[in-house]
Amino acid sequence: MRPDIPASESHFASRHASCWKLSIEHRREGKMDWDIVLEINQPIWETLLRGTAIFWMLFLIFRLILRRDSGSVNISDVLLIVIISEAIQQPMAGDIKSLLEGLLLVGTLVFWNMLVDWICFRYPRIQKYLEPPPLLLIRDGTILREGLRREMITMADLLSKLREQGVDDPSKVKRAYMEPNGNVSVIPMEQ
């Protein structure tokens, strides 16, 4: 044992080195090394804490800061998601090397997502804090540019969303709202 490495780290390093050698030998022989696949390498509480922290950080970013889009995903949205997922992968996973720890981490993220959805369903008063209210975009045939500016919706995007609803002219719209899910709902003028 090296004197400059604490005993616990030295044991950890030597154990993983021997597991690595066994893993290489098992691969050569075509065998599955279940000890390595199911081994817990970091404390379970740390995996749960990392998953919880990352979930709530992403929740705040996507539900409260970025809030919504115009109901579509463009290339910059995909790029943002890929970059965020790459940036948080290592801090979230920590020293996870086994399938069991990965499943525990995924289970933690799914748990928080389901809990937030259940809370919003069960307690509608809380939902108004977790999801934005509908945003008025058109009132009595007049386009409200402040709403477009707030959500960075171009006139072309708005007109496209109106055409999807069967409306070819904004002056024929009594109310148009951007819903929390990014879709645009349209109430036509009475004829």
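The structure this text deals with has already been given above.
What counts and what doesn't
- Residues numbered from 1 in each chain as written.
- Predicted model: local features only at pLDDT ≥ 70, side-chain atom pairs only at ≥ 80, totals over all residues.
- Heavy atoms only, no water.
- Helix = DSSP H or I, 4+ residues; strand = E, 2+ residues; numbered from the N terminus.
- Buried < 20%, exposed > 50% of the residue type's maximum accessible area, 1.4 Å probe, protein only.
- Contact = heavy atoms within 4.5 Å.
- Areas by Shrake-Rupley, 256 points an atom, 1.4 Å probe, with all protein chains shown as cover.
- Pairing = 2+ DSSP bridges.
- Axes fitted to C-alpha atoms, helices over the stretch in contact; angles between N-to-C directions.
- Salt bridge = Lys/Arg side-chain N within 4 Å of Asp/Glu carboxyl O.
- Core = buried A, V, L, I, M, F, W, Y, C linked by side-chain atoms within 4.5 Å.
- Arc of directions from axis to C-beta.
- Phe/Tyr/Trp six-rings, centres within 6.5 Å; stacked < 30°, edge-to-face > 60°.
- Lys NZ or Arg CZ within 6 Å of the ring centre and 35° of its normal.
- Expected span 1.5 Å × (residues − 1).

Re the overall build of the chain
Looking only at helices and strands, the chain features eight helices and four strands. Ordered by position in the sequence, the α and β elements of the chain form the string α-α-α-α-α-α-β-β-α-α-β-β. Considering the chain as a whole, with its 191 residues, one finds that 28% of them fall into the buried category. Expressed as a percentage of contacts within the chain between residues at least 6 apart in sequence, the contacts between residues at least 24 apart total 62%. Total accessible area on the chain stands at roughly 13,200 Å², and carbon and sulfur atoms take up 63% of it.

Brief notes about the sheet that holds strand β2 (residues 142–143)
Overall, antiparallel pairing links the four strands, which are arranged β2-β1-β3-β4 in an open sheet. Strands at the two margins of the open sheet, each flanked by one partner only, are β2 and β4 (184–188). Bridge analysis of strand β3 (residues 173–178) against β4 gives five bridges, and the strand direction is antiparallel. What sits directly across from Ala176, in β4, is Val186. Seen against the sheet, helix α8 (residues 155–164) touches β1 (135–139), β2, β3 and β4 and runs at an angle of roughly 80 degrees to β1.

Observations regarding the pattern of salt bridges
Under the defined criterion, the tally for this structure stands at five salt bridges. Measuring nitrogen to oxygen at the nearest pair gives 2.9 Å for the salt bridge that ties Glu46 to Arg50. Taken together, the positions of Glu46 and Arg50, both in helix α3 (residues 44–65) and four residues apart, correspond to about one turn of that helix.

Observations concerning the nonpolar core
Ranked by size, the top nonpolar core spans 14 residues in total, and within it Leu137, Ile138, Leu158, Leu162, Val173 and Val186 carry the most contacts. When residues of this core are traced back to their parent elements, those giving at least two are β1, α8, β3 and β4. Beyond its immediate stretch of four places on either side in the chain, Val186 contacts Leu162, Gln165, Val167, Val173, Arg175 and Ala176.

A closer look at α8
Listed in full, the buried residues belonging to α8 are Leu158, Lys161 and Leu162. Down the axis of α8, the smallest arc covering the buried residues is 100 degrees, so these residues share one side. When the buried face of α8 is taken as reference, the exposed residues oriented beyond 90 degrees from it are Ala156, Arg163 and Glu164. Each element contacted by the buried residues of α8 is listed here: β1, β2, α7 (145–150), β3 and β4. Following α8 by one or two positions, Gly166 has its phi on the positive side, about 85 degrees.

Focus on the packing of aromatic side chains
Taken as a whole and assessed by the stated rule, the structure comprises six aromatic pairs. The structure contains a cluster of three or more aromatic residues connected by ring pairs, namely Phe55, Trp56, Phe59, Phe111 and Trp112. Its guanidinium or amino end placed over the ring of Tyr123, Arg122 lies 5.4 Å from that ring's centre, counting from NZ or CZ.

Comments concerning the side chain of Thr52
Tracing the backbone shows Thr52 in helix α3. Residue Thr52 is classed as buried on the basis of its relative accessible area of 19%. The contact partners of Thr52, leaving out residues within four places of it in the chain, are Thr108 and Trp112.

Notes on helix α5 (residues 99–122)
Here α5 contains 24 residues, and its C-alpha end-to-end distance of 34 Å stays within 8% of the 34 Å for a straight helix at 1.5 Å per residue. What α5 keeps buried is the set Glu101, Leu105, Thr108, Trp112, Val116 and Cys120.

A closer look at unusual backbone geometry
The phi dihedral of Asp140 is positive, around 50 degrees, even though this residue is not glycine. With respect to the helices, strands and loops of the structure, Asp140 is situated in the loop between β1 and β2. Looking at Asp140, the relative accessible area reads 44%, which means it is partly exposed.

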